[in-house]
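# Coordinate inspection notes
This is what each chain is made of:
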Amino acid sequence: MKHVDKIYKQSEISWFTPVELFKPWYAHGIAEAIMRTANLSVPLKIYEIGGGSGTCAKGVMDYIMLNAPERVYNNMTYISVEISPSLAEIQKETVGQVSSHSSKFRVECRDAADRAGWGNVVQQPCWVIMLEVFDNLPHDLIYSENQVSPWMEVWVEKQHDRETLTELYKPLEDPLITRCIEIMEFDENHNTQRSGMLKNIWSKVFPKPRRCWLPTGCLKLLEVLHDALPKMSLIASDFTFLPDVKVPGERAPLVSTKKDGSSTDYGNYLDAKGDADIFFPTDFLLLERMDHYCSGWLKMQKDKSSKQGKKRRTLTLDTSSFMEEFGLPTKTRTKDGYNPLLDDFKNTKFYLSVPTHNTK
């Protein structure tokens with residue numbers, strides 16, 4: 001812990017992802033999960049979204065070079081989809097430390113959530129890696145006066161002094177927000193009439209305003225990925241909850257800023273201007289539901305256009321369970337038995353999703 005604290009104090013970065021702190025072992029676990037699940041009789045194609053400094057890409061390619069059959073490494077392609085031009089250059093440098101990787105690796109500097117950037121539909125199987133991507137994607141805030149009142153969109157408006165920001169509540173119009181709410185409330189809509197009556201009575205006796213943060217950016221990205229890469233397998237890791245969140249609302253973000261090596265958390269997202277970091281927790285049950293919806297399998301009641309797609313096999317694992325299964329935890333165990341790869345980041349999980357031909 002002292003060592004990690006020293007790293008943070010020497011760096012301007014507010015936090016390091018697990019793949020950076022535990023290199024190369026974290027990336028090696030991801031590579032092993034891919035190798036065990038992928039059909040290695042076809043060329044291996046991996047996309048990584050938001051690849052940071054290229055640590056994951058290099059670690060995965062190193063592991064495949066050393067542990068997979070030679071033809072698998074020689075025929076593989078690793079594509080990083082990176083929105084930041086400066087990080088794109090750093091990724092090329094990191095992966096280029098091993099000269100044989102360079103011909104198999106490329107960076108596409110674009111927004112992964114923009115469908116146009118993906119071009120034509122890719123029908124061959126591929127893998128998509130997303131590490132700590134969901135927590136930084138755009139979210140929409142919705143509001144309701146009580147437990148049964150309809151949801152409203154929350155807009156932010158600048159006051160006449162051009163400094164103060166205030167919230168406005170408007171009726172639902174955004175189709176992405178509407179889709180996200182339908183997916184979120186899918187199970188509730190199938191509940192009995194009696195529970196609706198109870199909620200109605202409860203809202204009159206104890207009216208309570210509701211605020212909810214919707215992962216609309218995640219839904220948009222999944223819609224694009226399923227459309228462009230219908231046979232993709234997905235491996236994602238993110239935070240299930242965040243400590244000491246002061247911002248109100250369900251799935252509310254941790255909003256903090258770093259100065260002189262120490263972090264300060266905000267109680268209101270409207271106060272966070274400039275270089276504040278925003279981390280959203282990931283609701284993995286909702287993520288799974290959105291994944292099934294975007295693949296076309298989970299039909300929404302009001303959505304007549306949704307095609308009946310193929311069901312996906314999905315699995316959510318604690319990071320420690322994932323690393324015990326696919327990683328090399330003996331490499332990170334300390335002398336007294338404590339293992340940061342397994343014992344730290346208890347608030348993170350892995351989500352795996354692979355296509356299957358079972359449509360029942």
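The coordinates are above.
Residues numbered from 1 in each chain as written. Predicted model: local features only at pLDDT ≥ 70, side-chain atom pairs only at ≥ 80, totals over all residues. Heavy atoms only, no water.

## Details of the overall build of the chain
We apply this condition: Helix and strand labels come from DSSP, where a helix needs a run of H or I of at least four residues and a strand needs a run of E of at least two; each type is numbered from the N terminus. The buried label goes to any residue with under 20% of its type's maximum accessible area, the exposed label to any with over 50%, and the partly exposed label to all in between, with areas taken from a 1.4 Å probe on protein chains only.
Scanning the chain from N- to C-terminus turns up twelve helices and 14 strands. A buried classification covers 47% of the 360 residues belonging to the chain.

## Let's talk about the side chain of serine 80
The cut-off we apply is this: Counting of polar contacts relies on pairs of N or O atoms within 3.5 Å, with two restrictions inside protein: one atom must be capable of donating a hydrogen and the other of accepting it, and residues adjacent in sequence are counted only when both atoms are side-chain atoms. Here a residue-residue contact requires only that any non-hydrogen atoms of the pair lie within 4.5 Å.
Secondary-structure assignment places serine 80 in strand β2 (residues 77-82). Within the structure, the side chain of serine 80 is placed 2.4 Å from the side chain of glutamine 91, a separation counted as a polar contact. Non-local contacts of serine 80, meaning those with residues more than four positions away in its chain, are made with Glu48, Gly51, Gln91, Phe105, Arg106, Val107 and Glu108.

## A short note on the environment of aspartate 318
Note that aspartate 318 resides in strand β13 (residues 312-318). Overall, the relative accessible area of 38% leaves aspartate 318 in the partly exposed class. Along the primary structure aspartate 318 and serine 237 are separated by 81 residues, whereas in three dimensions their C-alpha atoms are 9.5 Å apart.

## Quick notes on the nonpolar core
For clarity, the cut-off: Throughout, nonpolar core names a set of buried Ala, Val, Leu, Ile, Met, Phe, Trp, Tyr and Cys residues whose side chains join them through atoms within 4.5 Å.
Ranked by size, the top nonpolar core spans 42 residues in total, and within it Ile49, Trp118, Met130 and Leu229 carry the most contacts. When contributions to this core are tallied by element, the ones reaching two or more residues are β1 (45-49), β2, β4 (126-131), α7 (175-184), β8 (210-214), α9 (216-228), β9 (232-239) and α10 (284-294). At seven residues, the largest contribution of residues to this core is made by α9. When near neighbours in sequence (up to four residues on either side) are disregarded, methionine 130 contacts Ile49, Leu221, Leu225, Leu234, Ile235, Ala236 and Ser237. Core analysis: the next-biggest nonpolar cluster, separate from the first, contains 40 residues, Val19, Val72, Leu131 and Leu317 among them.

## Overview of the pairing of strand β10 (residues 254-259)
Each regular strand shows side chains that alternate between the opposite faces of the sheet. Counted only if it meets this: Note on pairing: DSSP must find at least two bridges between two strands before they are called paired.
The buried count for β10 comes to five of six residues, which makes it a mostly enclosed element. Sheet topology places β10 next to strand β12 (residues 277-279); three bridges connect them, and they run antiparallel. By the bridge assignment, serine 256 is partnered in β12 with aspartate 277. Looking at chain direction, β10 and strand β11 (residues 262-265) are connected through four bridges and run antiparallel. Bridge pairing in β11 places serine 256 opposite aspartate 265.

## Comments concerning empty space enclosed by the protein
Stated precisely, the cut-off is as follows: Two kinds of site are reported from a 1 Å grid over the protein atoms alone, namely cavities, where a 1.4 Å probe fits but cannot get out, and pockets, open sets with protein on both sides within 12 Å along at least five of seven lines, and residues are called lining when an atom falls within 4 Å of a point. Grid points are joined across faces, edges and corners, and a volume is the space filled by probe spheres set on the points. Each residue is assigned to one class: nonpolar for Ala, Val, Leu, Ile, Met, Phe, Trp, Tyr, Cys and Pro, charged for Asp, Glu, Lys and Arg, and polar for all the others, Gly among them.
Under the defined criterion, the tally for this structure stands at one cavity of 30 Å³ or more. Quantified by volume, the largest cavity comes out at close to 90 Å³. Lining the largest cavity we find Phe134, His139, Pro215, Cys218, Arg251, Pro281, Thr282, Asp283, Leu286, Leu287 and Met290. Looking at which element gives the most residues to the lining of the largest cavity, the answer is α10, with three residues. Residues that form the lining of the largest cavity fall into these classes: seven nonpolar, two polar and two charged.

## A word on the sheet that holds β11
The test is simple: In this description, a line fitted to the C-alpha atoms serves as the axis of each element, helices being fitted only across the stretch in contact, and the angle between N-to-C directions of two axes falls anywhere from 0 to 180 degrees.
Ordered in space as β11-β10-β12, the three strands form an open sheet in which the pairing is antiparallel. Looking at which strands have only one partner, the edges of the open sheet turn out to be β11 and β12. Across the sheet, the mean angle from the axis of one strand to that of its neighbour is 35°, orientation sign disregarded.

## Structural notes on α9
So the rule is basically this: A helix is expected to reach a length of 1.5 Å times the quantity of its residues less one.
Relative to the 18 Å expected for 13 residues at 1.5 Å per residue, α9 spans 18 Å between its end C-alpha atoms, a close match to the ideal helical length. The buried fraction of α9 amounts to ten of the 13 residues, a majority that puts the element mostly inside the structure. Listed as buried for α9 are Thr216, Gly217, Cys218, Leu219, Leu221, Leu222, Val224, Leu225, His226 and Ala228.

## Some words on the pairing of β9
Burial within β9 is extensive, with eight of its eight residues counted as buried. Of the strand pairs in this sheet, β4 and β9 are connected by six bridges, and their pairing is parallel. When the sheet's bridge partners are listed, valine 128 is paired in β9 with leucine 234. Taken together, the six bridges between β9 and strand β14 (residues 348-355) define a ladder with antiparallel strand orientation. The partner of aspartate 238 across the bridge, within β14, is lysine 349.

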